[in-house]
Amino acid sequence: MSDKSKVVFVNGANRTEVEVLVGTSAMHAATDNLVGGIIGECGGDLSCATCHVFVDPEWFDRLDAPGVDERDMLEATSEEPTEFSRLSCQIPCTAETDGIVLHIPESQ
Amino acid sequence: MTVTTELNDVPDLADPETFKAGVPYEAFARMRALPGLVWQPADYGTLTGGFWLATRYDDVAEVLQDSDRFTSRFGNVYPLLNPTGDGPMMKQINHQDPPAHGRVRRAAAKSFGPRVVANFESWIREVVDETLDDALRQERFDWILQVARYIPSRVIAQVLGVPLDRREYIADATIEIFKSLSVEDGGETFGRLAGQVGEYLTQLGEEKLLNPADDMTTVLAQSLQNGELDPVEFQLYAVTLLIAGFETSHTTIAHIGHLLATDPAIRAATARALDEGRSAELVDEFLRYITPAIRFARVATRDTEIAGQAIKKDDVVTVVLSAANRDPEVFPRPDEFDPFRESPKPAVGTGGAGMVFGAGPHRCVGHMLAKLEIRILLEELHARKVVLSMDGEAERGAHHVVNTLVKLPVSATVG
Ligand code: HEM
Ligand code: FES
């Protein structure tokens, strides 16, 4: 089994594919690879809501449901959340998420 | 081995009086150009007899973004307010590290996001209008007393749901609390004064639970009730919102008045930016140029390195935001006021608009509110064609943290 997992970030017309070590959060996958639009101000402390993504509907149900704190902080995102919204610092990249597609909100 | 950089002719940066003469930009520029970090000896307020000064933008960001290596636990300003690490101030949000910090911060942050704050625009405009109406009735007045103090105290009082008749009390109390940050007694005066306002806010919280309203004290009281916050955390968070929400915005507005009254180039650039609809860039540039909060502090949790400088466990590192915001690597022609500059280098985790609000987990929770207040003030001054000029001497205060102006006699003409 590979110890790497792939994440695809879609920002408007831009598509960036990055590969990270299993266990890395999707937020760090973006910030470590200079993917624009994911700021991750608080470094994953779940207190800034600047790592908001829309998970591609195909992938959404394969993730564990967000916790109460994450749902609270989704109120503080710059872009209106949808049913597919997540805070990417709370999404660990695993073998199951290999290839996951995350859309970046325009206003972030 | 710790390498200490020796610098001649640098003012004593452990003495608040130094800042009374002005922010020592020239000394910071010399420090920034040297390798490593500069060490300032201090016989008070640190754990190891002095503190490091981080003056480069990237070094400041590195320290603030790494709360594992650089803790806020002993205090987030020099002199340290919680030097033992376990004093009564350890439950203040400023002094908490992740993950406890995140739990406390979320209690207000969840109802303070950009979409919520954008809805404040119309009532903040009313506050600004009312304040300017009152002030401009006189031809000569003190801009600090009549404008800089009024707008943020009314705004934060409304955000917290403080009733009208207690607003003056709140403004006076927060000014006293901020002054106490320069008192050298290990946070004792600060704790006492903050505790008094805290008592009031605890009472207010109890009233809000009986009569919930659309304000932050209600949200925090509910978090207390459902166990997300303990009573001390509640009190200190409410006090922090109050004083942090007041003092720095008040300082920014004070300097805006001073700059508009004294600097024709800034006046012209301001008018042009507003005419061209570039108010967001204008606000960012005022904030960068003024940098109302000069510096903060962290303590190293282990032996480490910044910019090749060996730092020992327990050393205080002060991050000088005023210096970072004039780093020519990030802001070419840093001493020039230019709202039309190319956007600053977007550093991860700093919001891309300079180091005014800090970086990392503690980055200012109220930054959107602060910017909104300032934008509305600038727009209203422009719409009313207010022209300010000095009517006496401006006076600075002595403070370690806040770039404080205490007096600004102006005369104003309208239209
Ligand atoms: C121009 C105005 C303002 C400036 C320059 C400013 C600056 C800052 C800075 C630099 C920090 C980080 C301190 C650190 O890293 O230790 C901070 C934190 C904070 N600010 Fe502001 N601030 C402003 C306005 C406001 C307003 C309007 C509010 C509230 C409504 C506010 C509430 C807070 C709070 C609660 C914190 C603590 C956050 C934490 O520790 O997680 N500030 N501010
Ligand atoms: S990085 Fe701050 S909430 Fe996700």
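Chain B is annotated in an unreviewed UniProt entry as Cytochrome P450 of Trujillonella endophytica.

As recorded in an unreviewed UniProt entry, chain A goes by the name Ferredoxin, 2Fe-2S, listed as coming from Trujillonella endophytica.

A. Structural detail: the overall build of chain B. When helices and strands are tallied, chain B shows 15 helices and 12 strands. The C-alpha radius of gyration computed for chain B amounts to 21 Å, which stays within 12% of the reference 22 Å derived for 415 residues, consistent with globular compactness. Taken over the C-alpha atoms alone, chain B extends approximately 65 × 55 × 35 Å along its principal axes. Burial analysis of chain B (415 residues in total) assigns 59% to the buried set. For chain B, the proportion of contacts with a sequence separation of at least 24, taken over those separated by at least 6, is 72%. Counting only carbon and sulfur atoms, one obtains 51% of the accessible surface of chain B, whose full area is about 16,300 Å². Averaging the positions of the 42 positive and the 60 negative side-chain charges in chain B gives two centres separated by 3 Å.

B. View of the coordination of the iron atom of ligand 1. The protein gives the iron atom of ligand 1 a lone donor atom, Cys364(B) (SG), placed 2.2 Å from the metal. Counting through the fold element by element, Cys364(B) comes out in the loop between helix H14 (321-324) and helix H15 (367-383).

C. Geometry of the interface of chain A and chain B. Contacts between chain A and chain B engage 18 residues on the former and 18 residues on the latter. Summing both sides of the interface, chain A and chain B together bury roughly 1,500 Å²; the carbon and sulfur share of this comes to 51%. A per-residue breakdown of the area chain A buries against chain B is headed by Glu41(A), Asp45(A) and Ser47(A), which together make up 38% of the total. There are four salt bridges connecting chain A and chain B. Joining chain A to chain B, the criterion identifies 10 residue pairs in polar contact (both at pLDDT 80 or more). Here the side of chain A that touches chain B takes three residues from helix H3 (residues 68-73) of chain A, the largest share from any one element. In terms of residue class, the side of chain A that touches chain B is built from seven nonpolar, four polar and seven charged.

D. Summary view of the environment of His52(A). All names here are of chain A. Following the sequence through the fold, His52 ends up in strand E3 (residues 52-55). For the pair His52 and Leu87, spaced 35 residues apart in the sequence, the C-alpha separation amounts to 4.5 Å. If we ignore the near neighbours within four places in the chain, the residues touching His52 are Leu74, Thr77, Glu79, Glu80, Pro81, Ser85, Arg86, Leu87, Pro105 and Gln108. For His52, the side chain forms a polar contact with the side chain of Ser85, separated by 2.8 Å.

E. Structural view of the sheet that holds strand E1 (residues 38-41) of chain B. Residues and elements named next belong to chain B. On the basis of which strands lie adjacent, the open sheet formed by five strands has the order E1-E2-E8-E5-E3 and mixed pairing. Since the sheet does not close on itself, it has two edges, and those belong to E1 and strand E3 (70-71), each with one partner. Pairing between E3 and strand E5 (residues 295-300): two bridges, direction antiparallel. Across the sheet, Thr71 pairs through a bridge with Val299, a residue of E5. In the packing of helix H2 (residues 57-65) onto the sheet, contacts are made with strand E2 (50-54), E3, E5 and strand E8 (316-320), and the angle to E8 comes to roughly 125°.

F. Main features of the packing of helix H11 (residues 231-262) of chain B against helix H12 (residues 264-275) of chain B. Residues and elements named next belong to chain B. Between H11 and H12, the least distance of the axes is 5 Å, while the angle of their chain directions is 110°. The angle between the axes of H11 and H12 places the two elements in the roughly perpendicular class. In contact with Leu259, Leu260, Ala261 and Thr262 of H11, H12 contributes Pro264, Ile266, Arg267 and Thr270. In terms of residue class, the contact of H11 with H12 is built from five nonpolar, two polar and one charged.

G. Broad picture of the packing of aromatic side chains. Residues and elements named next belong to chain B. Going through the model one piece at a time under the given rule, you end up with eight aromatic pairs over all chains. Between Phe120 and Trp123, the ring centres sit 5.5 Å apart and the planes meet at 40°, which makes this aromatic pair tilted. Phe120 sits in the buried class, given a relative accessible area of 14%. Aromatic side chains Tyr169 and Tyr200 sit 5.8 Å apart centroid to centroid with 85° between the ring planes, which places their arrangement in the edge-to-face category.

H. Up close: the pairing of E2(B). All names here are of chain B. With five of five residues buried, E2 lies mostly within the body of the structure. Judged by which residues are buried, E2 turns out to be covered on both faces: Gly50, Trp52 and Ala54 on one side and Phe51 and Leu53 on the other are all buried. With four bridges connecting them, E1 and E2 associate as antiparallel partners. Following the sheet pairing, Pro41 is matched in E2 by Gly50.

I. A look at the side chain of Asp56(A). Residue and element names in this part refer to chain A. Mapping Asp56 onto the fold places it in the loop between E3 and helix H2 (57-60). Buried charge Asp56 goes without a salt bridge, the closest partner of opposite sign being Arg15 at 7.1 Å. In terms of polar contacts, Asp56 uses its side chain to reach the side chain of His103, at 2.8 Å. The contacts of Asp56, once residues within four sequence positions are left out, are Val101 and His103.

J. Structural context of the sheet that holds strand E2 (residues 14-21) of chain A. All names here are of chain A. An order of E2-E1-E5-E3-E4 is seen for the five strands of this open sheet, with the pairing classed as mixed. Looking at which strands have only one partner, the edges of the open sheet turn out to be E2 and strand E4 (85-87). Strand-to-strand twist across the sheet, computed as the mean angle between neighbouring axes with direction ignored, equals 35°.

K. Highlighting the site of ligand 1. Residue and element names in this part refer to chain B. Around ligand 1, the surrounding shell holds 29 residues, and the nearest of these are Asn76, His101, Arg298, His362 and Cys364. In the model, an oxygen atom of ligand 1 is placed 2.8 Å from a nitrogen or oxygen of the Asn76 side chain. Contact between ligand 1 and Arg105: an oxygen atom at 2.8 Å from a side-chain N or O atom of the residue. In a pocket analysis with a 2 Å cut-off to the grid points, ligand 1 is assigned to the largest cavity. Listing elements by their share of the shell around ligand 1, those giving two or more residues are helix H3 (100-109), H11, E5 and H15. Sort the elements by how many residues they give to the shell around ligand 1 and H11 lands first, with seven residues. For the shell around ligand 1, the class distribution of residues is 16 nonpolar, 11 polar and two charged.

Rules of the game
- Residues numbered from 1 in each chain as written.
- Chains lettered and ligands numbered in written order.
- Predicted model: local features only at pLDDT ≥ 70, side-chain atom pairs only at ≥ 80, totals over all residues.
- Heavy atoms only, no water.
- Helix = DSSP H or I, 4+ residues; strand = E, 2+ residues; numbered from the N terminus.
- Rg over C-alpha atoms; globule rule 2.2 N^0.38 Å.
- Buried < 20%, exposed > 50% of the residue type's maximum accessible area, 1.4 Å probe, protein only.
- Contact = heavy atoms within 4.5 Å.
- Areas by Shrake-Rupley, 256 points an atom, 1.4 Å probe, with all protein chains shown as cover.
- Lys, Arg positive; Asp, Glu negative; His and termini not counted.
- Charge placed at Lys NZ, Arg CZ, Asp CG, Glu CD.
- Donors = N, O, S within 2.8 Å, 3.2 Å for Na, K, Ca; no water.
- Buried area = accessible area lost by both parts, 1.4 Å probe.
- Salt bridge = Lys/Arg side-chain N within 4 Å of Asp/Glu carboxyl O.
- Polar contact = N/O pair within 3.5 Å; in protein donor to acceptor, adjacent residues only side chain to side chain.
- Nonpolar A, V, L, I, M, F, W, Y, C, P; charged D, E, K, R; others polar.
- Pairing = 2+ DSSP bridges.
- Axes fitted to C-alpha atoms, helices over the stretch in contact; angles between N-to-C directions.
- Parallel < 35°, antiparallel > 145°, perpendicular 65-115°, else oblique.
- Phe/Tyr/Trp six-rings, centres within 6.5 Å; stacked < 30°, edge-to-face > 60°.
- Near = heavy atom within 4 Å.
- 1 Å grid on protein atoms, 1.4 Å probe; cavity = no way out; pocket = protein on both sides within 12 Å on 5 of 7 lines; lining within 4 Å.
- Sits in = over half its atoms within 2 Å of the grid points.

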